[in-house]
Each structure stands twice: as structure tokens, then as C-alpha cells.
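Reading the structure
This is what each chain is made of:
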Amino acid sequence: EWGWEIFQSIERYCKTDVAYGSLKDVNNPSIPPEDRMESFFLAETMKYLYLLFDPDTEVDIVNKHVFNTEAHPTRIFPEFDKSDLALKQ
């Protein structure tokens, strides 16, 4: 639900005639978005949203994956018991 609300807000408050712009103050959405789009917007923000709603993706953001700061999914590895590692050395 949060992802959908974020997408709807971006569409409502940040979309311009040709792209998407940033808001200087999200608490005052009556101010129009800036006339520039950050380079990471499509590569990261939209990618996060796409992966949230893609039913065919192998990315499991609930149980198996996290996103790094560049919006690349990274597999979560199980935590190892440090005492097991000490026994193997």
C-alpha cells in the first residue's frame, strides 16, 4: 500500500509536462516541482516502485532480498552462528 501511495503522490505532485521534478518542501505541495529531474530518479526511485509491483519478478523483498543504495536487489544470507565458524578453523 505504501508503495502505491508513493507512486500516486509522485504522479500528482512531481510530474511535469516532460519529466518529474523535486519538491522543495513536501509539506507544501502547492509549490510546483523544480524544473529539473535528478539523475537517480528513473534509475532508482522508479526501479524500486517497478519491482514492488512486478508480479513476475524473482525478487522477494519480503523474505529474500534487500535493495542497496543503487536500487540493486541483493540476496539476504542466513545469519551464521559464530561458534560454528570457530569450530571449522
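Residues numbered from 1 in each chain as written. Predicted model: local features only at pLDDT ≥ 70, side-chain atom pairs only at ≥ 80, totals over all residues. Heavy atoms only, no water.

The next subject is the packing of aromatic side chains. According to the stated counting rule, one finds three aromatic pairs in the structure shown. The interplanar angle of 85° and the centroid separation of 6.1 Å between the aromatic rings of Trp 4 and Phe 53 together place this pair among those described as edge-to-face. Here the residue Trp 4 occupies a position in helix H1 (residues 2-14), and Phe 53 occupies one in helix H2 (residues 40-53), the gap between them amounting to 49 residues. When the ring of Tyr 20 is compared with that of Phe 41, the centres are 5.0 Å apart and the planes differ by 35°; the resulting orientation is tilted. Of the two residues, Tyr 20 sits in the loop between H1 and H2 while Phe 41 sits in helix H2, which places them 21 residues apart along the sequence. Neither Tyr 20 nor Phe 41 differs from the other in exposure class; each is buried. (Phe/Tyr/Trp six-rings, centres within 6.5 Å; stacked < 30°, edge-to-face > 60°. Helix = DSSP H or I, 4+ residues; strand = E, 2+ residues; numbered from the N terminus. Buried < 20%, exposed > 50% of the residue type's maximum accessible area, 1.4 Å probe, protein only.)

Let us look at the nonpolar core. One finds Ile 10, Cys 14, Tyr 20, Leu 23, Phe 41 and Leu 49 forming the largest nonpolar core, which totals six residues. Elements that contribute at least two residues to this core include exactly H1 and H2. Ignoring any residue separated from it by four or fewer positions in sequence, one finds Leu 49 in contact with Gly 3, Ile 6, Phe 7 and Ile 10. (Core = buried A, V, L, I, M, F, W, Y, C linked by side-chain atoms within 4.5 Å. Contact = heavy atoms within 4.5 Å.)

Attention now goes to the confidence of the model for the chain. Fine structural detail should not be taken from predicted coordinates in areas where pLDDT scores are low. Here the chain averages 82 in pLDDT, and 87% of its residues register 70 or above. Of all secondary-structure elements in the chain, the lowest mean pLDDT belongs to helix H3 (residues 82-88), at 60, while H1 reaches the highest, 92. (pLDDT = per-residue confidence, 0-100.)

Turning to a nonpolar patch on the surface, a few remarks are in order. A contiguous nonpolar surface patch, about 310 Å² in accessible area, is contributed by Trp 4, Leu 52 and Phe 53. Judged by its relative accessible area of 44%, Trp 4 falls in the partly exposed class. (Patch = residues over 30% accessible without salt bridge, like charges linked within 9 Å, V, L, I, M, F, W, Y side chains within 5 Å. Areas by Shrake-Rupley, 256 points an atom, 1.4 Å probe, with all protein chains shown as cover. Salt bridge = Lys/Arg side-chain N within 4 Å of Asp/Glu carboxyl O.)

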